[in-house]
Amino acid sequence: MIYSQPFNNETMRSTTLLLLFVICFWKANAKIEQISYRSWNSCYKISNSDIEVIINPSYGGHILFYGIKNLNLNSLWADSEIDGFTIKNKKATSGKKAPDSGRFDFGNERLTQNIHDISWQGPYQICIINDYSVIVTSEPSKESGIQLSRQYSLDEYGSRLKITQTMKNISDKEVKYCHWSRTLLPAGGVYLTQMVKTSKYPKGFAQFLWGPDRIYEEKPSMKKINIVNDSIFIARPGGESVKYGIMTSSGWGCYVNNRMMFVKQFDLDLAGEYDNNLKAEFPNMIYFDKRFIEIEPNSVMVRLKPGESNSYSEKWWLFNYLEETEKTSDALNAYQFAQTKLKTCSF
């Protein structure tokens, strides 16, 4: 049985004070806040008790920081020379500088390299969805006929960050592109991913070469990579520039460095048409040099009629990982650790 009392002035004052307290408490404990970071004044930090994520709407709408709070380390690679940059700096640097860290693009590379500037380096509008989720939206691009948006959603607990990129055709013609994720992490660690051999790629991987563009399958450079059990691709980034395409049927990879394991799981469509350039059909690619590794899976090529949209999703995790990875056997332990974690994490 519920008893009620008259709603008198004293009750109203008490209720108002309680509401004000709740509102102030909520604001003090808000999970998303606008901050200055690396000379950008309008970044947004999403956080929970374990993880911090910093988004930069001013320069490509990308992720600048993804780290474990108690380690106070950024898992992503940062280029201090672009701090505070906007799209206006492209001409000043003759196009030699580009966004860093957690980048997203559309491709393939040769198809879009001269028409993607607005979404790649331009400003984004940001909309806060809830305490753990934002959407950023690019300006429409007349050159490509595309407008991009991305939703970044951090779990309330744990490290999982879900990113969904949406391409919308804002032109009056059909367009054909793929989603292209381009995550940079500092060199010096070890990268592992599942690999599968196919009739087109009997090794399960190939090397990309430039000047002119070509794919080298017969004797790719093995200086920084090795293959275990014909099914696990291992790379130790550093040194000269090199890029590989990797066939996979699982859609995930991990990178261990600085006491952290970064895990990326990405959408995979084995029946679709992949085209990384030169009709290469690799769902997963990596590039590395002495500075960083770029983990760059891509989606299938998508045809969009005017007004149509298409989305691609990734999920990221960060785990403390203190074990050694110098030996191949140690690296395989890291691979098995990541596999186990993914089985227990909800997708």
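Above this note sits the structure.
Note that this is a predicted model, so its numbers are computed, not measured.

**Student:** When you look at the side chain of aspartate 289 in this model, what are you seeing that I'm missing?
**Tutor:** Here aspartate 289 shows up in the loop between β19 (284-288) and β20 (292-295). With relative accessibility at 4%, the residue aspartate 289 sits in the buried group. When neighbours within four sequence positions are excluded, aspartate 289 is seen to be in contact with Ala187, Pro237, Gly238, Gly239, Glu240 and Ser241.

**Student:** Any chance you could explain the pairing of strand β9 (residues 161-169) here in plain terms?
**Tutor:** Each regular strand carries side chains that alternate between the two faces of the sheet. Here nine bridges tie strand β8 (residues 146-154) to β9, and the two strands are oriented antiparallel to one another. The residue bridging leucine 154 from the neighbouring strand is leucine 161, located in β9. In this structure, the hairpin formed by β8 and β9 is closed by a connection of six residues, where glycine 158 is found at a positive phi of approximately 85°.

**Student:** How should I be thinking about the layout of surface pockets in this particular structure?
**Tutor:** Rolled over the atoms, a probe with the dimensions of a water molecule shows which regions are left empty. In this model, the largest pocket occupies a volume close to 730 Å³. Along its surface, the largest pocket is lined by 30 residues, and Ala98, Arg103, Glu109, Trp120 and Arg182 are the ones closest to its centre. Counting residues per element, the ones that place at least two in the lining of the largest pocket are β5 (102-107), α3 (109-112), α4 (117-121), β10 (175-186) and β20. Partitioned by chemical class, the residues of the lining of the largest pocket number nine nonpolar, six polar and 15 charged. There is about 220 Å³ of room inside the second largest pocket. Taken together, 14 residues line the second largest pocket, and the ones lying closest to its centre are Gly188, Gly189, Val256, Thr325 and Glu326.

**Student:** Where do I start with empty space enclosed by the protein in this structure?
**Tutor:** Counted according to the given criterion, the structure contains four cavities of 30 Å³ or more. Estimated volume of the largest cavity: approximately 90 Å³. Contributing to the lining of the largest cavity are Glu109, Arg110, Phe208, Leu209, Trp210, Asp213, Lys243, Asn276 and Asn277. Looking at the lining of the largest cavity, the elements that each hand over two or more residues are α3 and β12 (205-209). Lining the second largest cavity are Asn74, Ser75, Leu185, Pro186, Tyr255, Val256, Asn257, Asn258, Met260, Phe262 and Leu318.

**Student:** Help me understand the packing of aromatic side chains in this model?
**Tutor:** Two measures describe an aromatic ring pair: the distance that separates the ring centres and the angle between the ring planes. Applying the stated criterion across every chain yields a total of 20 aromatic pairs. One aromatic cluster in this structure is built from Tyr66, Phe104, Phe262 and Trp316. One Lys or Arg, arginine 182, reaches over the ring of tryptophan 180 and ends 4.0 Å from the middle of that ring. Seen from the ring of phenylalanine 208, lysine 243 lies directly overhead, with NZ or CZ sitting 5.4 Å from the centre.

Analysis parameters
- All residue numbers here refer to positions counted from 1 along the written sequence of the relevant chain.
- Given that this is a predicted model, residues contribute local features only at a pLDDT of at least 70 and side-chain atom pairs are listed and counted only at 80 or more, while totals for whole chains, interfaces and linings are drawn from all residues.
- Working from all heavy atoms in the structure, the side-chain values ignore hydrogens and water.
- In DSSP terms, a helix is any run of H or I states spanning at least four residues, a strand is any run of E spanning at least two, and both are numbered starting from the N terminus.
- Any residue under 20% of the maximum accessible area for its type is buried, any over 50% is exposed, and the rest in between are partly exposed; the area is computed with a 1.4 Å probe on protein chains only.
- By definition, residues are in contact when any of their heavy atoms lie within 4.5 Å.
- A pair of strands counts as paired when DSSP detects no fewer than two bridges linking them.
- Residues are called lining when one of their atoms sits within 4 Å of a cavity or pocket point, these points coming from a 1 Å grid over the protein atoms alone, where a cavity is a set in which a 1.4 Å probe fits but cannot get out and a pocket is an open set with protein on both sides within 12 Å along at least five of seven lines.
- Grid points are joined across faces, edges and corners, and a volume is the space filled by probe spheres set on the points.
- Charged residues are taken to be Asp, Glu, Lys and Arg, nonpolar residues to be Ala, Val, Leu, Ile, Met, Phe, Trp, Tyr, Cys and Pro, and polar residues to be all remaining types, Gly included.
- The criterion for an aromatic pair is that two Phe, Tyr or Trp rings (for Trp, the six-membered ring) have centres within 6.5 Å, with stacked assigned to planes under 30 degrees apart, edge-to-face to planes over 60 apart and tilted to the rest.
- The criterion is that NZ of a Lys, or CZ of an Arg, lies within 6 Å of the ring centre and within 35 degrees of the ring normal, and then a charge sits over that ring.

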